[in-house]
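# Fold and geometry: a report
Residues per chain, in single letters:
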Amino acid sequence: MGKTTVEQNKNEYTVINRLTYPEAINERELRAIAGGVVEGLIPVTTEQSNKGILMKSMVEDRMTLQSYFSSVVNKKMFLDTLIQLVAVVKECEKNLMNGNNLMLDWDSIFLDPRTKKVTCLFWPIVNNQHTIVPAEFFRDLPFRVVFSKHEDPEYVSAYISYFRCHAPFSIHHFEKFILGLMGKIVENKSHIPSGSTGPESQVARVEEAKGTTGNVAYNPLANSEGVEKVPVSETTVLGMVEVDGGTTVLGADLFEEPAFPYLVREKTQETIRINQPSFRIGKERNDCDYVVADNNAVSRNHADILTRNRRYYIVDNRSTNKTFVDGRVIPVEKEIEIFSGTKLRLANEDFVFYI
């Protein structure tokens, strides 16, 4: 992603993003935003200038998250904002939109001053060079907030501890944790891991539970004691792990099953699990992890799919008939990032990549 600028004129913000090579517009995601498929995303327009492709968003009568959290933040403000952001991330995943294109930062999250409804910027870009990882945003959020001195600080301690005890990050599991902090019981019969595709088949029951409040002052940056503590609460959240004996735990391993990205081969509808950090596709049986035996247009060692830090890339290995990402030919021996729903073509053989 190229240079992003924010222009403010009274109560109106104009956010401009100039794309840089090898970034390109993801037309499917752009249409999804325009069609309102994901509630909470701000409309995006595109235009061609002499400096390249520009993306623009206009935001009126809103305040940034930075402004909203600039004063003392209480528990309700913090958790109500979080649960809305979690809902946006989940909807992006559900609609196969790259969650790392969601601009989860202080200047790109906006709230209605009256209703406190959250809206977010999402740049529909292929090969985004400056993505934002949701897990990192949520993890770092409390360290930029000054919390109220007139509430029990234990929920903040529990929040910080959560990220030290849960890896890999799952937005669904995190949602249940936040609901627990809000004083709700969440009971699930099944769970769809973060990044899964297809309809969710979970049965959930959410009901109000009695919460506890206190009057202890807290600032996470100044507090050197009790950071690892988890509050003793009347709320039981199924599927959570126990931390320091404070939270009742049921089904600790239920949500941490490993999941691999996969390809669907269009011609045969075969599912191909990408279960290695470097996964090679081609027609050479001795060198490839998946062999395309019935297509002579595919090269012997056509392309590699790489997994690194929960991000995914495809590399063309100097193939004869090229590799395409969402209809665009990619340069040889250069890592091109791919996302859930990305269409891949090796010569004339089509695949779709899913996380």
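Right, let's walk through the structure included here. (Residues numbered from 1 in each chain as written. Predicted model: local features only at pLDDT ≥ 70, side-chain atom pairs only at ≥ 80, totals over all residues. Heavy atoms only, no water.)

### A word on the sheet that holds strand β7 (residues 109-111)
One open sheet accounts for 3 strands, arranged β6-β7-β8; its pairing is antiparallel. Each end of this open sheet is capped by a strand with a single partner; those strands are β6 (63-64) and β8 (118-120). Across the face of the sheet, helix α3 (residues 75-94) comes into contact with β7 and β8 while running at roughly 40° to β8. (Pairing = 2+ DSSP bridges. Helix = DSSP H or I, 4+ residues; strand = E, 2+ residues; numbered from the N terminus. Contact = heavy atoms within 4.5 Å. Axes fitted to C-alpha atoms, helices over the stretch in contact; angles between N-to-C directions.)

### Comments concerning the side chain of N26
Looking at the element boundaries, N26 is found in the loop between β3 (24-25) and α1 (27-34). In contact with N26, not counting residues within four places along its chain, are P124, I125, V126 and D326.

### Looking at the packing of aromatic side chains
Under the criterion given, the structure shown has 22 aromatic pairs. For the pair F78 and F147, a centre-to-centre distance of 5.1 Å together with 80° between the ring planes defines the contact as edge-to-face. You can see F78 sitting in helix α3 and its partner F147 sitting in the loop between α4 (134-140) and α5 (154-165), a full 69 residues away along the chain. F147 shares its class with F78; the two are buried. (Phe/Tyr/Trp six-rings, centres within 6.5 Å; stacked < 30°, edge-to-face > 60°. Buried < 20%, exposed > 50% of the residue type's maximum accessible area, 1.4 Å probe, protein only.)

### Describing the packing of α5 against helix α6 (residues 171-181)
Following both chains from N to C, one finds α5 and α6 inclined at 165°, their axes separated by 11 Å at the closest point. When the interaxial angle is binned, α5 and α6 end up roughly antiparallel. Here α5 runs over α6; the crossing is right-handed. Taking contact as the criterion, the partners of Y155, A158, Y159, Y162 and F163 in α5 are, on α6, H173, F174, F177, I178 and L181. Tallied by class, residues from the contact of α5 with α6 come to 9 nonpolar, 1 polar and no charged. (Parallel < 35°, antiparallel > 145°, perpendicular 65-115°, else oblique. Left-handed = near helix turned anticlockwise from the far one by under 90°. Nonpolar A, V, L, I, M, F, W, Y, C, P; charged D, E, K, R; others polar.)

### Regarding the sheet that holds strand β15 (residues 290-291)
As summarised here, the arrangement of the 5 strands in space is β15-β14-β16-β17-β20, forming an open sheet in which the pairing is mixed. Whereas interior strands pair on both sides, the edge strands pair on one side only; in this sheet they are β15 and β20 (336-338). Relative to strand β16 (residues 303-308), strand β14 (residues 278-282) runs antiparallel, the two being bridged by 4 bridges. The residue of β16 that forms the bridge with S278 is L306.

All we've got here are geometric facts, nothing functional implied.
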